[in-house]
Amino acid sequence: GITYYPLCYSRSKYENLNKIYDICFIGQDKGRINKIYEIFNKAKATNLKMKVIICGEFNNKNKYPEFEFIDSISYDEALKYISQSKFNLEICLEDTTSISIRLYEAIMFNQGLITNNSNIINSPYYDKSYIYNINDFDNLDLSFVNEFKGISENLGLKDKISPLRFIEYEKNKLEVL
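For the structure given in this document, a descriptive report is provided here. (Residues numbered from 1 in each chain as written. Predicted model: local features only at pLDDT ≥ 70, side-chain atom pairs only at ≥ 80, totals over all residues. Heavy atoms only, no water.)

1. Structural notes on the pairing of strand S2 (residues 50-55)
Reasoning step 1: The element S2 is largely enclosed, with a buried count of 6 among its 6 residues.
Reasoning step 2: Burial along S2 is two-sided: Met50, Val52 and Ile54 and Lys51, Ile53 and Cys55, pointing in opposite directions, are all buried.
Reasoning step 3: Pairing analysis gives 6 bridges linking strand S1 (residues 21-28) to S2, with the strands arranged parallel. Its bridge partner being in S2, Gln28 is matched across the sheet by Cys55.
Reasoning step 4: Taking the sense of rotation as the criterion, the β-α-β connection linking S1, helix H1 (residues 33-45) and S2 turns out right-handed. (Buried < 20%, exposed > 50% of the residue type's maximum accessible area, 1.4 Å probe, protein only. Helix = DSSP H or I, 4+ residues; strand = E, 2+ residues; numbered from the N terminus. Pairing = 2+ DSSP bridges. Right-handed = clockwise from strand over helix to strand, strands pointing away.)

2. Topic: helix H3 (residues 101-108)
Reasoning step 1: Of all 8 residues in H3, 7 are buried, a share of seventy percent or more.
Reasoning step 2: Put simply, Ser100 is the residue that caps the front of H3, since its side-chain oxygen is 3.1 Å from the backbone nitrogen of Arg102.
Reasoning step 3: Count one or two residues on from H3 and you reach Asn110, which has phi positive near 50 degrees. (Polar contact = N/O pair within 3.5 Å; in protein donor to acceptor, adjacent residues only side chain to side chain.)

3. A short note on the side chain of Asn88
Reasoning step 1: Here Asn88 lies in strand S4 (residues 85-90).
Reasoning step 2: The exposure class assigned to Asn88 is buried, which follows from its relative accessible area of 1%.
Reasoning step 3: Reaching out from Asn88, the side chain makes a polar contact with the side chain of Glu105 at a distance of 3.0 Å.
Reasoning step 4: Other than its neighbours up to four places away in sequence, Asn88 contacts Cys24, Ile82, Arg102, Glu105, Ala106, Gln111, Gly112, Leu113 and Ile114. (Contact = heavy atoms within 4.5 Å.)

4. A few points about the nonpolar core
In globular proteins that are soluble, nonpolar side chains generally tend to be buried together.
Reasoning step 1: If you look at the biggest cluster of nonpolar residues, it comprises 54 residues, and the most contacted ones within it are Ile23 and Leu142.
Reasoning step 2: Excluding residues that lie within four positions of it along the chain, Ile23 makes contacts with Ala43, Leu48, Lys49, Met50, Lys51, Ser85, Phe87, Leu89, Ile114, Leu142 and Val145. (Core = buried A, V, L, I, M, F, W, Y, C linked by side-chain atoms within 4.5 Å.)

5. Here's the deal with a nonpolar patch on the surface
Reasoning step 1: Taken together, the side chains of Leu7, Tyr75 and Ile101 define a hydrophobic patch exposed on the protein surface, amounting to about 260 Å² of accessible area.
Reasoning step 2: Within the fold, Leu7 resides in the segment before S1.
Reasoning step 3: The exposure class assigned to Leu7 is partly exposed, which follows from its relative accessible area of 42%. (Patch = residues over 30% accessible without salt bridge, like charges linked within 9 Å, V, L, I, M, F, W, Y side chains within 5 Å. Areas by Shrake-Rupley, 256 points an atom, 1.4 Å probe, with all protein chains shown as cover. Salt bridge = Lys/Arg side-chain N within 4 Å of Asp/Glu carboxyl O.)

6. Some remarks on the pairing of S4
Reasoning step 1: For S4, the tally of buried residues reaches 6 of 6 residues, placing the bulk of the element in the interior.
Reasoning step 2: Where S1 meets S4, 3 bridges bridge the pair, whose relative direction is parallel. Across the sheet, Tyr21 pairs through a bridge with Ser85, a residue of S4.
Reasoning step 3: Summarising the sheet, S4 and strand S5 (residues 112-115) pair through 4 bridges and their orientation is parallel.

7. Quick look at the pattern of salt bridges
Reasoning step 1: Per the counting criterion, the structure on display carries 8 salt bridges.
Reasoning step 2: Where Lys13 meets Asp76, a salt bridge forms, and the shortest distance between an N and an O atom there is 3.7 Å. Here Lys13, found in the segment before S1, pairs with Asp76, found in helix H2 (residues 75-83); they are 63 residues apart in sequence, far enough to count as distant.
Reasoning step 3: Owing to a relative accessible area of 65%, Lys13 belongs among the exposed residues under this scheme.
Reasoning step 4: Exposure remark for Asp76: the relative accessible area of 35% places this residue in the partly exposed category.
Reasoning step 5: Residue Lys158 is joined to Glu15 by a salt bridge in which the shortest nitrogen-to-oxygen separation is 3.0 Å.

8. A closer look at the sheet that holds S5
Reasoning step 1: One open sheet accounts for 6 strands, arranged S3-S2-S1-S4-S5-S6; its pairing is parallel. Looking at which strands have only one partner, the edges of the open sheet turn out to be strand S3 (68-70) and strand S6 (131-133). In this sheet, adjacent strand axes meet at a mean angle of 20 degrees when their direction is disregarded.
Reasoning step 2: Across the sheet, H1 touches S1, S2, S3 and S4, and the angle it forms with S2 is around 165 degrees. (Axes fitted to C-alpha atoms, helices over the stretch in contact; angles between N-to-C directions.)

Here it is in structure tokens:
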């Protein structure tokens, strides 16, 4: 009798900020920094502007001079950067198959999502028009970043992830009982 409902995400005061970055990654290293750096270098080579903030302790900061290293960042402050980007970058750990909050941030901020999570195609919100799956870092082509125009309003995704939909879902379940 257990049912599943995907994560909800509320509207944000940062929803309509101008895009000043092409790609943004904010998070801890967790062994991902080399992949992030590969993407950063590909982005730089194609004149894309990428914002990278690595949170937490990191000993080899000199190897990545273009990255910003900080102890921590509030979610509110992180949202300012994320919302000012055309693409949110998600680099999952090797064994990760779950859908992260980065998908919902991308929807809310009308941006694309670049991810190495091949399980994303199983999300009810998956659409190849704004989700770009990357697993081949050797042949990474970021040309789609310049062509991206935002998420089509026709998909109605902001409405679909609204907490109000969850309330409707629960209300309908109670009415059936």
